[in-house]
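# Notes for the structure review
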Amino acid sequence: MKKLIKLLLWFLLALLNVTFFWAGVFLFQNEYYELSIVLFSLLFLIDFFIINPRGYPYRYVIPALVLLFVLVLYPIYFTFKVAFTNYGTGHFMSRQEAIERLLYDPNFSYVVDSTPVSYKVFVVYDGLSPTEDFLILFRVNGVIYLGEKPRPVVSRGQEVLLSQYNLVPVNGETVSLNGDNFRIVPWPADLSEINLVVRGDTTYKSFYSPDDEILRLNAPYFKSRIAQNYLVNAEYVLPDGKKLALRIAPDGEWRFMHVERLYRLVYKEVYDGGKMKIKTTVINNLTGREVVEREGAFYDVDENGNETFLVGFIDFVGWKNFLRIVKDPKVSGPFFRIFLWTFVWAVLSVVLSLAVGLPFALVLNNPRLKGRNLYRTLLIIPWAIPVFISALVWRNGLLNETYGVINKFLLPLLGLDPIKWFNDPFWARVGVLLVNVWLTFPYMMTISLGALQSIPPELYEVAAIDGAGRFRRFVYITFPLLMTIIAPLLVSSFAFSFNNFTIIYLITGGGPPIPNSTTPTGYTDILISYVYKLAFEGGQGQDFGFASAISILIFFLVGGISFVNFKLSGAFEEVSK
């Protein structure tokens, strides 16, 4: 039995090796070099820990090691990497991919001759329903050409940049194409008269032509199922090398026209730092001008010197994203305002929740209090309810400016005016603090109660004998000993509040907005919600590079503040010893 289990474990190790190796090679081939290196490093360490007897103690940390590499170290590395690039809207691909798109994407082509080419589409029917198995007959200069479904020739991952098919002239009733014989019915005949194309047992029936009034009824299916899926990025190549591509003609019909590439790639010699280098540049075939490459983007230049954005790519920008925080007043102003509010928010969240939770803990710590378990259970309820439900109740049920309980009943009862919880910066901040204190005071109450129960009662007895009252006993015994125990937890609570994205996003969404800001910022935004907006909700598009730069600042800020707090509070001193 032991041998069978051992054999099974070796089989699992071999399976793990194959899986990691395949994944690593796949990632490397798709230019995810860093993640590929992470997988290969993990594979080496796992094999070393299992096979080498000296690595035996470390085999129990393998799961933690995998999580550390994949979920901690790699995201940190990736964030640092992105922070020094312009990665974001308009800059999602590499320079090589951008050049390939300029060279091969049919959108970057121009019509040589606007005279449309006649064509007719033939499809295979499944019963009465047309399928996407189709052929196309073209008539160019009186000659009929046959083409099949175009085949991808340039792809990037799952995306097809360009599909092509080389057309074959139809010189008789039967034409051979890729080893198959196609029979044209009827033949000889004009393109408009041809009804069928037969390949073996498969019959292609005439389906669509913009020049045939009856077949034009099938235009919706042709445009949505055939043209959009197979012909938008496709070209049919004639024997003389000329290309046909589908375009929308002035009459609104989708017609094939002669097209040519708008750009071509050339190599030129440049001197950089006293050394000659070969540089790739892109030339506009129509104007003969060189395409301008600047700040991670290609721009076409017309005769008046006006630049038109073509395509962007991910480029190294150095410290630009970090300097933007300092130098751009429309960014630095809201950023430092958000940073200050984030610090205040974190401090007040911890202090106020402790101020509410500690008195409850003192009361519940009294052994003479009857029904302590019931009170403790009731007070923990806000902590037990899912945050998003509590936030929904507070936002729509209590703080709503129109029909919320506070504005509609409580304040009028006290003779006060309604409060603009979501439109006034001060009250919006009060509102999110109120909700956060409500949700976190049970946690402070729980840890305080646990810490209070660890204080030896003899200390209070001795203090009472010496004549100390309750207040003096609290000030000189309870509070110092309590803070010694819960100080590390308060520091971690501060770090948690510093990044407490959920409450801000669910209650106010960061609003109300700060005016005259070029970035999506609000008065209740904290740094982490600000980063989220930059990365995913930016009005001018996503800006992952700038968001990563701010994330790094948050990382060092939280780490630095926590380090200082640990030093001041003396937490983990026994660990260092």
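In what follows, the accompanying structure is described. (Residues numbered from 1 in each chain as written. Predicted model: local features only at pLDDT ≥ 70, side-chain atom pairs only at ≥ 80, totals over all residues. Heavy atoms only, no water.)

### Things to note about the pattern of salt bridges
Applying the stated criterion across every chain, the model contains 15 salt bridges. Measuring nitrogen to oxygen at the nearest pair gives 3.8 Å for the salt bridge that ties Asp105 to Arg101. Of the residues examined, Asp105 reaches a relative accessible area of 7% and is grouped as buried. Across the pair Asp211 and Arg255 runs a salt bridge, and its minimum N-O distance is 2.8 Å. Note that Asp211 is positioned in the loop between strand E10 (202–208) and helix H5 (219–231) and Arg255 in strand E13 (residues 254–261), a separation of 44 residues in sequence. With relative accessibility at 47%, the residue Asp211 sits in the partly exposed group. On the basis of relative accessible area, Arg255 is assigned to the buried category, the value being 11%. (Salt bridge = Lys/Arg side-chain N within 4 Å of Asp/Glu carboxyl O. Buried < 20%, exposed > 50% of the residue type's maximum accessible area, 1.4 Å probe, protein only. Helix = DSSP H or I, 4+ residues; strand = E, 2+ residues; numbered from the N terminus.)

### With respect to the pairing of strand E12 (residues 243–248)
In terms of residue burial, E12 counts as a mostly covered element, since five of its six residues are buried. Where strand E11 (residues 234–237) lies against E12, two bridges are found, and the strand directions are antiparallel. Residue pairing across strands places Tyr236 opposite Leu244, the latter belonging to E12. The loop that links E11 with its antiparallel partner E12 comprises five residues; one of these, Gly241, has a positive phi angle of about 95 degrees. Two strands pair when backbone bridges link them, and E12 and E13 are joined in this way by six bridges, in the antiparallel orientation. (Pairing = 2+ DSSP bridges.)

### Focus on unusual backbone geometry
Between Trp187 and Pro188 the backbone carries a cis peptide bond, its omega angle lying at -5 degrees. Cis geometry marks the peptide bond from Gly511 to Pro512; its omega dihedral reads 0 degrees. Here Pro512 lies in the loop between helix H14 (501–507) and helix H15 (527–536). Positive phi outside glycine occurs at Asn141, with the angle close to 55 degrees. Positionally, Asn141 belongs in the loop between strand E2 (129–140) and strand E3 (143–147).

### A closer look at the layout of surface pockets
By volume, the largest pocket is sized at about 790 Å³. Considering the residues around the largest pocket, the lining is formed by 21 residues, among which Glu31, Tyr32, Phe92, Glu97 and Ile314 are closest to the centre. When residues of the lining of the largest pocket are traced back to their parent elements, those giving at least two are helix H2 (33–51), helix H3 (62–83) and helix H4 (95–104). Among the elements that take part in the lining of the largest pocket, H3 stands out by supplying four residues, more than any other. In terms of residue class, the lining of the largest pocket is made up of nine nonpolar, five polar and seven charged. (1 Å grid on protein atoms, 1.4 Å probe; cavity = no way out; pocket = protein on both sides within 12 Å on 5 of 7 lines; lining within 4 Å. Points joined across faces, edges and corners; volume = space filled by probe spheres on them. Nonpolar A, V, L, I, M, F, W, Y, C, P; charged D, E, K, R; others polar.)

### As for the packing of H2 against H3
With their axes 11 Å apart at the nearest point, H2 and H3 run at an angle of 155 degrees to one another. Relative to H3, the element H2 lies roughly antiparallel. Viewed along their axes, H2 and H3 form a crossing whose handedness is right-handed. Contact residues: H2 offers Glu34, Leu35, Val38, Ser41, Leu42, Leu45, Ile46, Phe49 and Ile50, while H3 offers Ile62, Leu65, Val66, Phe69, Val70, Tyr74, Tyr77 and Lys81. In the contact of H2 with H3, the residues fall into 14 nonpolar, one polar and two charged. (Axes fitted to C-alpha atoms, helices over the stretch in contact; angles between N-to-C directions. Parallel < 35°, antiparallel > 145°, perpendicular 65-115°, else oblique. Left-handed = near helix turned anticlockwise from the far one by under 90°. Contact = heavy atoms within 4.5 Å.)

### A short note on a nonpolar patch on the surface
Residues Leu374, Tyr375, Leu378, Ile381, Ile385, Val387, Phe388, Ile389, Val393 and Leu506 make up a contiguous nonpolar surface patch of roughly 860 Å² in combined accessible area. Those elements that provide at least two residues to the nonpolar patch are helix H8 (372–384) and helix H9 (387–398). Position of Tyr375 relative to the elements: it lies in helix H8. (Patch = residues over 30% accessible without salt bridge, like charges linked within 9 Å, V, L, I, M, F, W, Y side chains within 5 Å. Areas by Shrake-Rupley, 256 points an atom, 1.4 Å probe, with all protein chains shown as cover.)

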